[in-house]
Amino acid sequence: MTTFDKRERGFEAKFAHDEELMFKATARSNKLLGLWAAGQLGLSGDAAAGYAAALVTDHLESRTMDHVVGKVAGDLAGKGIAREQVAQRLQNCLHEALAQLEADRQ
């Protein structure tokens, strides 16, 4: 095996690891956003958990963060929460999710 082959395998392994990390972080951040939004909507318990779970599974189908932000912003429009606020909250949730995943690894 040449040095180039070793480097290629290393890059492939890193790519696979990074993709898995982003998948997990996205799912977790969508769940965190869903729980926050559920609270804003006055949902609790199973209803809140169901709302959050729906955001996670919807993202798996649509594959866009814009879709998630649009859905939550639409749901919260009657509460006076702007799309920009939802997008910022999602960014915060993503940072929190990455921190949680990092803590889980240690």
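### Here's the deal with the overall build of the chain
Scanning the chain from N- to C-terminus turns up four helices and zero strands. What you see in the chain, going N to C, is helices and strands ordered as α-α-α-α. Computed over its C-alpha atoms, the radius of gyration of the chain comes to 17 Å, more than 25% above the 13 Å expected for a compact globule of 106 residues. Viewed in the frame of its principal axes, the chain has a C-alpha envelope of about 60 × 25 × 20 Å. Taking as baseline every contact in the chain between residues at least 6 positions apart, the subset at least 24 positions apart corresponds to 60%. Looking at the chain as shown, the accessible area adds up to about 6900 Å², and 55% of this sits on carbon and sulfur atoms. Separation of charge centres in the chain, based on 13 positive and 15 negative side chains, amounts to 3 Å.

### Here we look at the packing of helix α3 (residues 65-76) against helix α4 (residues 83-105)
Contact geometry of α3 with α4 gives a least axis separation of 9 Å together with a crossing angle of 130°. In terms of orientation, α3 and α4 fall into the oblique class. Considering the relative orientation of α3 and α4, their crossing is right-handed. Where α3 approaches α4, its residues M65, D66, V69, G70, V72, A73 and L76 are matched on the opposing element by R83, V86, A87 and L90. Here the contact of α3 with α4 is composed, by residue class, of eight nonpolar, one polar and two charged.

### Quick notes on the side chain of S29
Topologically, S29 is positioned in helix α1 (residues 3-40). Apart from the residues lying within four places of it in its own chain, the contact partners of S29 are M65, L90, C93, L94 and A97.

### Focus on the confidence of the model for the chain
Confidence in the prediction for the chain averages 91 pLDDT; 98% of positions are at 70 or higher. Mean pLDDT across the secondary structure elements of the chain bottoms out at helix α2 (residues 45-62), with 89, and peaks at α4, with 94.

### Here's the deal with α3
Over its 12 residues, α3 extends 16 Å from the first C-alpha to the last, a length consistent with the 16 Å expected when each residue adds 1.5 Å. When we look at burial in α3, the residues that qualify are V68, V69, V72, A73 and L76. Along α3, the residues classed as buried sweep out an arc of 125° about the axis, all on the same side.

Rules behind the numbers
- Starting afresh in each chain, residues are numbered from 1 along the sequence in its written order.
- It should be noted that, the model being predicted, local features are given only for residues of pLDDT at least 70 and side-chain atom pairs only at 80 or more, the latter also being counted only at that level, while totals for whole chains, interfaces and linings use all residues.
- For the side-chain quantities, the full set of heavy atoms in the structure was used; hydrogens and water were omitted.
- Helix and strand definitions follow DSSP, with helices as H or I runs of at least four residues and strands as E runs of at least two, each counted in order from the N terminus.
- Throughout, radius of gyration means the C-alpha value; the globule benchmark is 2.2 Å times the number of residues raised to the power 0.38.
- Contact between two residues is taken to exist if any of their heavy atoms lie within 4.5 Å; hydrogens are not considered.
- Method for areas: the Shrake-Rupley scheme with a 1.4 Å probe, in which residue coverage is limited to the protein chains shown.
- Positive charge is attributed to Lys and Arg, negative charge to Asp and Glu, and no charge count is given to His or to the chain ends.
- To locate a charge, take atom NZ for lysine, CZ for arginine, CG for aspartate or CD for glutamate.
- To get an axis, a line is fitted to the C-alpha atoms, and for a helix only the part in contact is used. The angle between two axes follows their N-to-C directions and goes from 0 to 180 degrees.
- To sort the angles, those under 35 degrees are grouped as roughly parallel, those over 145 as roughly antiparallel, those from 65 to 115 as roughly perpendicular, and the leftovers as oblique.
- The sense of a crossing depends on the near helix, which, turned anticlockwise from the far helix by less than a right angle, makes the crossing left-handed and, turned clockwise, makes it right-handed.
- Each residue is assigned to one of three groups, with Ala, Val, Leu, Ile, Met, Phe, Trp, Tyr, Cys and Pro labelled nonpolar, Asp, Glu, Lys and Arg labelled charged, and all others, Gly among them, labelled polar.
- Confidence of the predictor in every single residue is expressed as pLDDT, which spans 0 to 100.
- Multiplying one less than the number of residues by 1.5 Å gives the expected span of a helix.
- For each residue, the accessible area found with a 1.4 Å probe, counting protein chains only, is set against the maximum for its type, and the residue is called buried under 20%, exposed over 50%, and partly exposed in between.
- Directions pointing from the helix axis toward each C-beta atom define the arc.

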